[in-house]
Structure formats: C-alpha cells, structure tokens
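Secondary and tertiary structure notes
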Amino acid sequence: MSKVNTVTGSLTTTNLGKTLIHEHALIGYPGWFLDKRQPAFKRKEAMKKVVDAFQRVKDFGVESIVDPCPSDMGRDAEFYAELSSKSGVNIVCATGVYYEAAGNTFTFRHMEQDAITEVYVREIEDGIGETGIKPGLIKVATGRGKITEYEQKVLAAAGDAARITGVPVLSHTEKCTCGHEQIDILSEKGVAASRILVGHADGTEDLALQRSLADRGVFLGFDRFGLEGEVTDDIRIANLLALAEEGRIDQLMMSHDYVACWKGGIPGRPPGSNFDEVLPNWRLSHIFENIIPILKQRGMTDADFDVILRDNPRRFFEREECHSHSHT
Ligand SMILES: [Zn+2]
C-alpha cells in the first residue's frame, strides 16, 4: 500500500479520491511585495476566500487538491495546512522552483546540482522550514521553446531527488514546449515515465505534439481549463477527446491551474485586479459544471472521468507500478 505526503500528514493513495491535480491557493510572483500600489496581503481574508472555494468544490465530490506552487512563488505550507483543516480537502504541496525567466533564481543559480537535490530530499523527508509539513511531489518548470542551463541543472536535481525519495514529478511547460526535453532529463536520472506529469500540455493546439508526449508513457496535464487565452476550451475538448478515443484515457489529468489568491496582485495589471471579469470560467468547479457535460455528450462516460480524476492521480502518486506503460 502506497502513501502520499499531504500537508496534514501521510495519506494512503487509495484515500485521495477525486483529485484536482493542479490548482493554487496562493501565488506570489518574485518580488510580490515590491508594488506598494497593490492591496496588502491579508492572510485572514485570503484564508476565508480560499476555504470557501475549496469547500464549494467538495459538492462535486473533490476530496483532494494538489497545489504545486513552486517554493519561489509564494508557497506557504502553514497556510495550506490550515486551509486543509478548515475546508476538509486533502492538499498535496510541492518542493521545486519555477522557470528561470519568472522564478526567484539567485540562490539556486549559485548552488551545485547536488546541493539542490539535497534541499529537495530534505524538504520531502523532514518538512518545509521548521513546519514539519512534507511536500508530496516535485515541481519542475521550463520556459518557452528552450531549456536554459539553470533549468537543466534544476531538472536534473529534481530527477535525482525523485529517484531517491520516490515522489512523482509535475511540470510546468510554456505552451507545451520542452516537454520532451523534460522527460529526457528526468528519464536519464532514472525517473519512470509513469511518475512524470507534463503540465500545461493543453497549452497548444498541436495534437501531434501531445500524442508524441503520450507515446513516451507520461501523464498529460489538461490542466488549464477556463484559462482561455491563446488556447480555448473548445480546442482542449477536441484534443482531449481525440486522445481519449485513441485509448489514452489512463494518461490524462484534468484541472484548471486556478489561482484563488494573488499575493501582491498580478504584475502588469491594475492594482487590486483579478481575473474574475476577464476569465469568468476560471474556477475550481468549471470542469464539473461545463466541460465534463460536453465531453459526456460526445461519448465519454462516468467511468472515463473516474479514471481521469481518481485512478490517474492515485497511480501517479503510487511508488511501485503494477501497470505497464512503454518507458522507451
Ligand atoms: Zn500552476
């Protein structure tokens, strides 16, 4: 029987239940505290807002939420633990950092790869800071089109830490670019493809690219439903259906990459603004209210969504694989 670290302790993977694999309670971009024009971060109000959002999605049967906030993007383990206790939703958090152009890179840039691995392993085994709260997975991230030297080092460090600790790796890609390179580096470090989730694989229209990633045995994140910028939900639906019809349901994950609270506001947007008006569907219940009904009209079944929302997250977190994907 396999266990996963949640922010309130160890949980048997079979008890994860219906899981949203990529959502955020809080995000604070590096330097989030620099812009005095932004409203101050009020922890209590933020907690109330996020508890409400997490509680509401329990109506759709969600029992667990993975918040893969990188440690340089406002990750707050104690906030998550309180949120989990108050909302009754299991939360799995991550160790790992964001991509070079958007992360807080100074410290790791000056560290050797092995030292970064040690940081990840110690967080997973002993907890974040002094909290004793242990991450349940490793977050990796790459920028658009090309992996930088910094990102390569951090990815390799993550691969070692994943192999040593047995936790899975969840990635951020920019528009699905560099997914293959992420898999290459992690595989070279001995991470099984079945323990890798290529995140934001739905950031492209390119079905052939998505298929080529799936061919390597990884999970694909259709994890930005409701975030309709360059890719619309219609495209996500069409591509997800195509992959499902090809028999790849056991490699798909669905989520929103929703951000419930922006610490220090959103850089480049007016102080105090959020995405509620521009992205009305970007919320934790969107796939249940709007997307799954469409997919069911087009032939997918409740059993399929049990695989996507229950079985796949559970298998992703399970240490020893008893199923086989091609790991070539
Ligand atoms: Zn995210």
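Residues numbered from 1 in each chain as written. Predicted model: local features only at pLDDT ≥ 70, side-chain atom pairs only at ≥ 80, totals over all residues. Heavy atoms only, no water.

1. Re the overall build of the protein
Rules: A run of H or I in DSSP becomes a helix once it reaches four residues, and a run of E becomes a strand once it reaches two; helices and strands are each numbered from the N terminus. Under the scheme applied here, a residue whose accessible area is under 20% of the maximum for its type counts as buried, over 50% as exposed, and between as partly exposed, the area being computed with a 1.4 Å probe on protein chains only. Contact between two residues is taken to exist if any of their heavy atoms lie within 4.5 Å; hydrogens are not considered.
What the protein contains, in helices and strands, is 10 helices and 12 strands. Expressed along its principal axes, the backbone C-alpha trace of the protein runs to roughly 50 × 45 × 40 Å. For the protein, the proportion of its 328 residues judged to be buried stands at 58%. Sequence separation of 24 or more characterises 79% of the internal contacts of the protein that already satisfy a separation of 6 or more.

2. A look at the coordination of the zinc ion
For a metal with four donors in a tetrahedral arrangement, the ideal angle between donors is 109.5 degrees, while six donors in an octahedron ideally sit at 90 or 180 degrees. Stated formally: Donor atoms: N, O and S within 2.8 Å of the metal, or within 3.2 Å for Na, K and Ca. Because water is excluded, sites can look incomplete.
Bound to the zinc ion are the protein donor atoms His 22 (NE2), His 24 (NE2) and Asp 257 (OD), situated 2.1 to 2.2 Å from the metal. Mapping the donors of the zinc ion onto the primary sequence gives the spacing H-x1-H-x232-D. Each of the two residues, His 22 as well as His 24, counts as buried.

3. Focus: the environment of Met 1
Looking at where Met 1 falls in the secondary structure, it is placed in the segment before strand S1 (3–6). Each C-alpha atom of the pair Met 1 and Gly 221 lies 25 Å from the other, and the pair is 220 residues apart in sequence.

4. Quick look at the layout of surface pockets
We apply this condition: As defined here, a cavity is a set of points on a 1 Å grid over the protein atoms alone where a 1.4 Å probe fits but cannot get out. A pocket is an open set with protein on both sides within 12 Å along at least five of seven lines, and residues line them when an atom is within 4 Å of a point. Grid points are joined across faces, edges and corners, and a volume is the space filled by probe spheres set on the points. Each residue gets one of three labels, nonpolar for Ala, Val, Leu, Ile, Met, Phe, Trp, Tyr, Cys and Pro, charged for Asp, Glu, Lys and Arg, and polar for the others, Gly among them.
Approximately 710 Å³ is the volume attributed to the largest pocket. Lining the largest pocket we find 30 residues, and of these Tyr 29, Tyr 98, Arg 224, Leu 227 and Asp 257 sit closest to its centre. Counting only elements with at least two residues in the lining of the largest pocket, the list comes to strand S4 (24–27) and strand S12 (259–262). For the lining of the largest pocket, a count of residues per class yields 16 nonpolar, 6 polar and 8 charged. Its boundaries defined by the atoms lining it, the second largest pocket holds a volume of some 370 Å³.

5. Topic: the pattern of salt bridges
To keep it simple, the criterion reads: Salt bridge, as used here: a side-chain nitrogen of Lys or Arg that lies within 4 Å of a carboxyl oxygen of Asp or Glu.
Under the criterion given, the structure shown has 22 salt bridges. Salt-bridge contacts for Glu 289 lead to Arg 283; the nearest nitrogen and oxygen are separated by 2.8 Å. Here Arg 283 falls in the partly exposed class, since its relative accessible area comes to 27%. A salt bridge links Lys 296 to Asp 302, with the nearest nitrogen and oxygen atoms 2.5 Å apart. With relative accessibility at 52%, the residue Asp 302 sits in the exposed group. Three or more residues are tied together by salt bridges with common partners; here these are Arg 211, Asp 215, Glu 246 and Arg 248.

6. Comments concerning the packing of aromatic side chains
Note the cut-off: Centre distance within 6.5 Å is the pairing criterion for rings of Phe, Tyr and Trp, where only the six-membered ring of Trp is used; planes under 30 degrees apart are then read as stacked, over 60 as edge-to-face, and the remainder as tilted. Over a ring means this: the NZ of a Lys or the CZ of an Arg is within 6 Å of the ring centre and within 35 degrees of the ring normal.
Inspection of every chain in the model, using the stated rule, returns 11 aromatic pairs. Measuring from ring centre to ring centre gives 5.8 Å for Phe 219 and Phe 316, while their planes differ by 85°; the resulting arrangement is edge-to-face. With Phe 219 in strand S10 (residues 219–222) and Phe 316 in helix H10 (residues 302–317), this pair connects stretches of sequence that are 97 residues apart. Across the pair, exposure class does not vary: Phe 219 and Phe 316 are buried alike. Taken together, the ring pairs in this structure connect Tyr 29, Tyr 258, Trp 262, Phe 275 and Trp 282 into an aromatic cluster. When the ring centre of Phe 41 is taken as reference, the NZ or CZ atom of Lys 263 above it lies at 5.3 Å.

7. Some details on the side chain of Thr 204
Quick reminder of the rule: Here a polar contact is recorded for every N or O atom pair within 3.5 Å, except that within protein the pair must consist of a potential hydrogen donor and a potential acceptor, and residues adjacent in sequence are included only if both atoms are side-chain atoms.
Its place among the elements puts Thr 204 in the loop between strand S9 (196–198) and helix H7 (207–214). By relative accessible area, which is 13% here, Thr 204 ends up buried. At a separation of 3.0 Å, a polar atom in the side chain of Thr 204 contacts the main-chain amide nitrogen of Asp 206. Leaving out residues up to four positions away in the same chain, Thr 204 has contacts with Lys 175, Cys 176, Leu 209, Gln 210, Val 231, Ile 235 and Asn 239.

8. With respect to H7
Selection criterion: The directions considered for the arc are those from the helix axis to the C-beta atoms.
Those residues of H7 lying buried are Leu 207, Gln 210, Leu 213 and Ala 214. All buried residues of H7 lie within an arc of 125° about the axis, which places them on one face of the element. Structurally, H7 contributes buried residues whose contacts are with helix H6 (179–188), S9, S10 and helix H8 (233–245). N-capping of H7 is provided by Asp 206, with a side-chain oxygen placed 3.2 Å from the backbone N of Ala 208.

9. Side note on unusual backbone geometry
Located in the positive-phi region is Cys 178, a residue other than glycine, with phi close to 70°. By the secondary structure assignment, Cys 178 is in the loop between strand S8 (169–172) and H6. Overall, the relative accessible area of 7% leaves Cys 178 in the buried class. The phi torsion at Asp 257 lies on the positive side, around 55°, for a residue other than glycine. Note on placement: Asp 257 falls in the loop between strand S11 (252–254) and S12.

So yeah, pure geometry; function would need other evidence.
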